[in-house]
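What follows is the residue order along each chain.
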Amino acid sequence: MIYMAIENIQVLSGPNYWSLRPCIQMRLDIGQLEEKPTSKLDQFYERLKETLPSLYEHRCSIGTPGGFFERVKDGTWMGHVVEHVALELQTLAEMDTGFGRTRETQTPGVYNVVFSYVVAEAGKRAGKLSVDFCENIIDGNDPKLDEIIQELKVLREEYKLGPSTSSIVDEAVKRGIPFFRLNRGSLVQLGYGKNQERIRATMTSQTGSLAVDFAQDKWETKSLLEYQGIPVPKGVETSRYGRAKDAVKKIGYPLVVKPSDGNHGRGITIGVNNNDHFEIAYHAAMKQSKNGYVIIEQMLDGADFRFLVINGTLVAAAKRIPAHVKGNGKLSIQELIDTENENPLRGYGHENVLTEIDIDSQTERLISDAGYTLDSVLDKGEILYLKTTANLSTGGTAIDILDSVHPANVHIAERAIKIIGLDIGGVDIVAPDVTTPLPENGGGIVEINAAPGFRMHLQPTEGLARNVAEPVIDMLFPPGKSSTIPIIAITGTNGKTTTTRLIDHIFKLAGNTVGMCTTEGVYIKNRMIYQGDMTGPMSHKMVLTDPTVDLAVLECARGGMLRAGLGFKTCDVGVVTNVSEDHLGLRGIHTVDQLARVKSIIPEIVKQDGVTVLNADDDLVRAMSEKTKGKIIYFSLDWENNSTVSNHLKDGETAVVFDDGWLCMMKGQWKYPIVDVKDVPLTFGGKAKFNILNALSAAGAAIGLGLKLENIKAGLVTFFPSHAQTPGRLTMTDMGDFNVLVDYAHNKAGYDALIDFVSSYNPEKTIMTLCVPGDRRDEDFESIAESCANNVDTIVLFESYLRGLEEGEISDKLKKYLMKYGMEDDQIIIIYDEQSAVQYCLDVGGQYDFVILSNYDVDDTHFKIQAHKEKLEQEKSA
């Protein structure tokens, strides 16, 4: 029986409506569950305690251990239970995380459940499994906890960063350096834009491809080192088995056989001591060789050591011991392996310091060569090696020995890495010890690794752990080098796209290479690289990962913030233009106060040394001053009658204001004129008051980043309301006898401002296209119709974005409300096709009329206007 239905589940990758941290958001309908008999639900509390006792550690709002169970006993939402179970399932799968929130929606029995994650894919799956878990508890079934934990562990290992990459990322985050994961593997970008560096595991953007080629070619590496006097074992490279057998006779047993271009210990056999063993080892190496060559070399006596050199300096050294068991005279080899795998230091994959020992063909051969089977019992104290290599990933152990390395060996290791040319390199040494020089004890370098694992140094089985990620970040971001670029984030109900474009233009003229996200697309250096509504985290990431960009100007729309969060954690400047009713009733946002909460995410993530630019004339925006850590620059059309601005200036702070026809910066009592509003084309000589506000907010953002006033003025006076610079945003075309205005006014506040602007021209007649998306509330249809009915002579209704409605329903709704507020039937024309509606308006436009095209397909509308203008000009000249 299904009691709960997940309506949707999504990953919020950055700051979002629920939290400033990444989390999983799940909309959960438990309506069916609430209909179940109360007697059955009474058993839920006891079974939950019995099945998942570790939930006792959840303090919940009570604040003490056992607090969550108290909440369950006293009665709580089932969504709240699912939230805690999802968190605990992740923790039991070694992904410790603990943030969660559950909120009831306006629909009874439907909840928004939010919880944090470590690995997004595992977190998302944990949400679904938590629902199944709770349903099984309700029904009295076994929820199969062990299977759930194992499934999440598998996902964790499949998708999480490896220990080496993770350590570098953690060190970067500790220093405030942002990062992006660029693929499902270990390719990671550290920093933003032109200041970024990239890593793939332990290779970096500073790792030379030639050096990697050398390191991957073991024979070439060996030859280079030998030529430079570095001790290496004697050997031969060959692609023919016959020549390989000749080499065996010359070198003699014991041998090491390995692929010429392998890595991670694959295909390597150590201790080859007879012809049969050699044949097996040769074919195993050839199978792993990509270039078809195998190396046969002398096996040096001694232990296996790994030295790690970063940026020319030895930073760690470890003695590596292959996976093994030690007999006690009682347990079989299989039992000894099982016992060792129960060691709390061992775990699945990379979850613990050590990896579980698996029994593969190599293990079986080593056991057989020793004359044993898995059922054999080893004598007390006898050691049996189960792998030929000492890699931690195959169950090996590591002992830190950095402080005992002889200075001569430090010099040899550092010099070897420099000879190969690596920025980060692992030096594999076989020697009796490393406390004496290798040339004296018969040891040597057997391999150079271009992407050495850090795990053995970060978490050695014995000895001192070394933070080897620290010198990597020191190398990539030395003192004085920035890791980020300035980010300006813009949000609001109306004007955010125009403001975004204006800020981009100002900084472009000032010499910056700007990356911009808007509702039209992603732009790099004023060239569109991706078309569409690009105001969410993936679009932000496109800009911030571009290595040519030195400034990011990012529009942040409500939908993207609710659907997936933001693509960055902090910004240098945050701008909020205004907040008014728009998109209400969608994605759980039902009131303008809730909408303001969404928009306030931007002020919340402004850096402490950053600047928040707020509209002082808007009560909801002004209140966001309480949420920001940065300094505030207010902007206002009527600053002298705005007590917030007056008090702000009395405190010596900054504002950008409209004063006596000028855009001015105010600092305390001092006024600095920027530009006469008549010289700002965007304002249409001061008639477009909403664009005066947009210009003020853009100037505030530029001031916030320290741009000079002359640069700001240069941008304001050269930014024209046109299809090229502000497509679909208050662009006017003179058709000769009448004007055509294109503007994407999509809510009541937008239409009110638009109509007020048109009224300032005193047109003979106003003709307008109108449509409202089908997913808007009835009250939105009505309020927009009311704004238009009293101020427009002819309205042409078209239909687009039906969003669940049938053709005709949008027009019928709008016509009903237009007539309610005074329009006659003959004033309302219905033409479903958007471009046909545009053409109708252009055809009926007469002398001194104003045609307002409030359309969605901006490009086609622009082309139609230009074509009609050419037609009228040709008719006049004929």
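Just so we're clear, the structure is a prediction, and the values are computed from it rather than from any experiment.

(A) View of the overall build of the chain. Within the chain, the regular secondary structure consists of 31 helices and 38 strands. Principal axes of the C-alpha set define a box for the chain whose edges measure 105 × 75 × 60 Å. Counting only residues that meet the buried cut, the chain has 55% of its 878 residues in that class. Once local pairs closer than 6 in sequence are excluded, the contacts in the chain between residues at least 24 apart make up 66%. Summed over its atoms, the accessible surface of the chain is roughly 37,100 Å², and 47% of this surface lies on carbon and sulfur atoms. Taken together, the 90 basic and 120 acidic charged side chains of the chain have centroids lying 5 Å from each other.

(B) Quick peek at helix α14 (residues 407–420). The end-to-end C-alpha distance of α14 is 20 Å, a good match for the 20 Å that 14 residues give at a rise of 1.5 Å each. Those residues of α14 that fall on the buried side of the exposure criterion are Asn 409, Ile 412, Ala 413, Glu 414, Ala 416, Ile 417 and Ile 420. Gly 421 lies just past α14 and shows a positive phi near 100 degrees.

(C) The arrangement of the sheet that holds strand β21 (residues 444–449) in detail. Across the sheet, which stays open at both edges, the five strands sit in the order β19-β14-β13-β20-β21 with antiparallel pairing between neighbours. In the strand order of this sheet, the two ends are held by β19 (397–400) and β21, each with one partner. Averaged over all neighbouring strand pairs, the angle between strand axes comes to 30 degrees, with direction disregarded. Examined bridge by bridge, strand β14 (residues 313–321) and β19 share four bridges and lie antiparallel to one another. Counted as the bridge partner of Ala 318 is Asp 400 from β19.

(D) How the structure looks around the environment of Pro 15. In this fold, Pro 15 is placed in the loop between β1 (5–12) and β2 (23–29). Pro 15 sits in the buried class, given a relative accessible area of 1%. Separated by 550 residues in sequence, Pro 15 and Gly 565 have C-alpha atoms that sit 5.3 Å apart. Look past the residues within four positions of Pro 15 in its chain and what remains in contact with it is Leu 20, Gly 565, Leu 566, Phe 568, Lys 569, Ile 601 and Ile 605.

(E) Local environment of the side chain of His 540. Assignment of secondary structure puts His 540 in helix α19 (residues 537–544). Taking the relative accessible area as the measure of exposure, His 540 reaches 0% and is therefore buried.

(F) Spotlight on the pairing of strand β6 (residues 187–190). Here β6 shows no split at all, with Leu 187 and Gln 189 on one side and Val 188 and Leu 190 on the other all buried. The pairing of strand β5 (residues 179–181) with β6 spans three bridges and is classified as antiparallel. Looking across to β6, one finds that Phe 180 is bridged to Gln 189. The hairpin turn running from β5 into β6, its antiparallel successor, is five residues long.

(G) Fine view of the pattern of salt bridges. All told, the structure shown has 38 salt bridges when counted by the stated rule. Residues joined in a network through salt bridges with shared partners are Glu 171, Lys 174, Arg 175 and Asp 474.

(H) Structural context of the environment of Ser 361. Examined against the element boundaries, Ser 361 turns out to sit in helix α13 (residues 361–369). By relative accessible area, Ser 361 is classed as exposed at 58%. Between the alpha carbons of Ser 361 and Ser 19 there is a distance of 49 Å; along the sequence they are 342 residues apart.

(I) Summary view of the nonpolar core. Membership of the largest hydrophobic core comes to 47 residues, with the highest contact counts inside it found for Val 740, Leu 770, Cys 788, Ile 795, Leu 818 and Leu 853. Counting only elements with at least two residues in this core, the list comes to β34 (739–742), α27 (748–759), β35 (766–770), α28 (778–789), β36 (794–797), α29 (809–820), α30 (834–844) and β38 (850–853). Other than its neighbours up to four places away in sequence, Ile 795 contacts Met 768, Leu 770, Cys 788, Leu 818, Met 823, Gln 827, Ile 828 and Ile 829.

(J) Main features of the confidence of the model for the chain. A residue-level look at the chain finds 97% of positions with pLDDT of 70 or above and a mean pLDDT of 92. Long-range and interchain partners of residues 34–38, a stretch whose pLDDT sits below 50, account for four contacts in this model, where long-range means more than four residues apart.

(K) Summary view of the pairing of strand β32 (residues 670–676). Sheet analysis places strand β31 (residues 662–667) next to β32, joined by six bridges and oriented antiparallel. Bridge pairing in β32 links Leu 663 to Val 675. Adjacent in sequence and paired antiparallel, β31 and β32 are bridged by two residues, among which Gly 668 carries a positive phi angle near 60 degrees.

(L) Representation of helix α4 (residues 78–92) in the model. Taking 1.5 Å of rise per residue, 15 residues should cover 21 Å, and α4 covers 21 Å from first to last C-alpha, within 8% of that figure. Burial analysis of α4 places 13 of its 15 residues in the buried class, which makes it a mostly covered element. Where α4 ends, the next residue or the one after it, Glu 94, has phi of about 65 degrees, a positive value.

(M) Main features of the packing of aromatic side chains. On inspection of all chains with the given rule, the structure shows 15 aromatic pairs. Measuring from ring centre to ring centre gives 6.1 Å for Tyr 241 and Phe 278, while their planes differ by 20 degrees; the resulting arrangement is stacked. Residue Tyr 241 is found in helix α10 (residues 241–251), and its partner Phe 278 is found in helix α11 (residues 275–288); the two are separated by 37 residues along the sequence. Residue Tyr 241 is classed as partly exposed on the basis of its relative accessible area of 25%. Relative accessible area serves as the criterion here: at 2%, Phe 278 is assigned to the buried category. Look at Phe 798 and Tyr 856: their rings are 5.8 Å apart centre to centre, the planes differ by 70 degrees, and that puts the pair in the edge-to-face class. Taken together, the residues Phe 798 in the loop between β36 and α29 and Tyr 856 in the loop between β38 and α31 (858–877) connect sequence positions 58 residues apart. Each of the two residues, Phe 798 as well as Tyr 856, counts as buried. Among the aromatic side chains, those forming a connected cluster through ring pairs are Phe 684, Phe 690, Phe 757, Tyr 761 and Phe 850. We note Lys 813 situated over the ring of Phe 781; from NZ or CZ to the ring centre the distance is 4.7 Å.

(N) Summary view of the packing of α10 against α11. Where α10 meets α11, the closest approach of the two axes is 12 Å, and the angle between their N-to-C directions is 135 degrees. Classed by the angle they form, the pair α10 and α11 counts as oblique. The way α10 lies across α11 gives a crossing that is right-handed. Listed contacts from α11 to Tyr 241, Ala 244, Lys 245 and Val 248 of α10 are Phe 278, Glu 279 and Tyr 282. For the contact of α10 with α11, the per-class residue count stands at five nonpolar, no polar and two charged.

(O) Layout of unusual backbone geometry. The omega torsion of the bond from Tyr 253 to Pro 254 falls at -5 degrees, within 30 degrees of zero and hence cis. As for its placement among the helices and strands, Pro 254 is situated in the loop between α10 and β10 (255–259). A positive phi angle, near 55 degrees, is found at Cys 60, a position not held by glycine. Residue placement: Cys 60 occurs in the loop between α2 (44–51) and α3 (67–74). In this model, Lys 525 sits at a positive phi of 50 degrees, which is unusual for a non-glycine residue. You can see Lys 525 is positioned in the loop between β24 (521–524) and β25 (527–531).

(P) Examining the side chain of Asn 494 more closely. As for its position among the elements, Asn 494 is in the loop between β22 (487–491) and α18 (496–509). Those residues in contact with Asn 494 that sit more than four places away from it in its chain are Thr 577, Asn 578, Ser 580, His 746, Asn 747, Ala 749 and Gly 750.

(Q) Geometry of the sheet that holds β38. One open sheet accounts for six strands, arranged β33-β34-β38-β35-β36-β37; its pairing is mixed. Because the sheet does not close on itself, it has two edges, and the strands there are β33 (731–734) and β37 (828–830). Adjacent strand axes in the sheet meet at a mean angle of 15 degrees when their direction is disregarded. Two strands pair when backbone bridges link them, and β35 and β38 are joined in this way by four bridges, in the parallel orientation.

(R) Layout of a negative patch on the surface. A cluster of acidic side chains, namely Glu 335, Asp 338, Glu 342 and Asp 375, defines a negative patch on the protein surface. With respect to the element layout, Asp 338 can be found in helix α12 (residues 333–341).

What counts and how
Residues numbered from 1 in each chain as written. Predicted model: local features only at pLDDT ≥ 70, side-chain atom pairs only at ≥ 80, totals over all residues. Heavy atoms only, no water. Helix = DSSP H or I, 4+ residues; strand = E, 2+ residues; numbered from the N terminus. Buried < 20%, exposed > 50% of the residue type's maximum accessible area, 1.4 Å probe, protein only. Contact = heavy atoms within 4.5 Å. Areas by Shrake-Rupley, 256 points an atom, 1.4 Å probe, with all protein chains shown as cover. Lys, Arg positive; Asp, Glu negative; His and termini not counted. Charge placed at Lys NZ, Arg CZ, Asp CG, Glu CD. Expected span 1.5 Å × (residues − 1). Pairing = 2+ DSSP bridges. Axes fitted to C-alpha atoms, helices over the stretch in contact; angles between N-to-C directions. Salt bridge = Lys/Arg side-chain N within 4 Å of Asp/Glu carboxyl O. Core = buried A, V, L, I, M, F, W, Y, C linked by side-chain atoms within 4.5 Å. pLDDT = per-residue confidence, 0-100. Phe/Tyr/Trp six-rings, centres within 6.5 Å; stacked < 30°, edge-to-face > 60°. Lys NZ or Arg CZ within 6 Å of the ring centre and 35° of its normal. Parallel < 35°, antiparallel > 145°, perpendicular 65-115°, else oblique. Left-handed = near helix turned anticlockwise from the far one by under 90°. Nonpolar A, V, L, I, M, F, W, Y, C, P; charged D, E, K, R; others polar. Patch = residues over 30% accessible without salt bridge, like charges linked within 9 Å, V, L, I, M, F, W, Y side chains within 5 Å.

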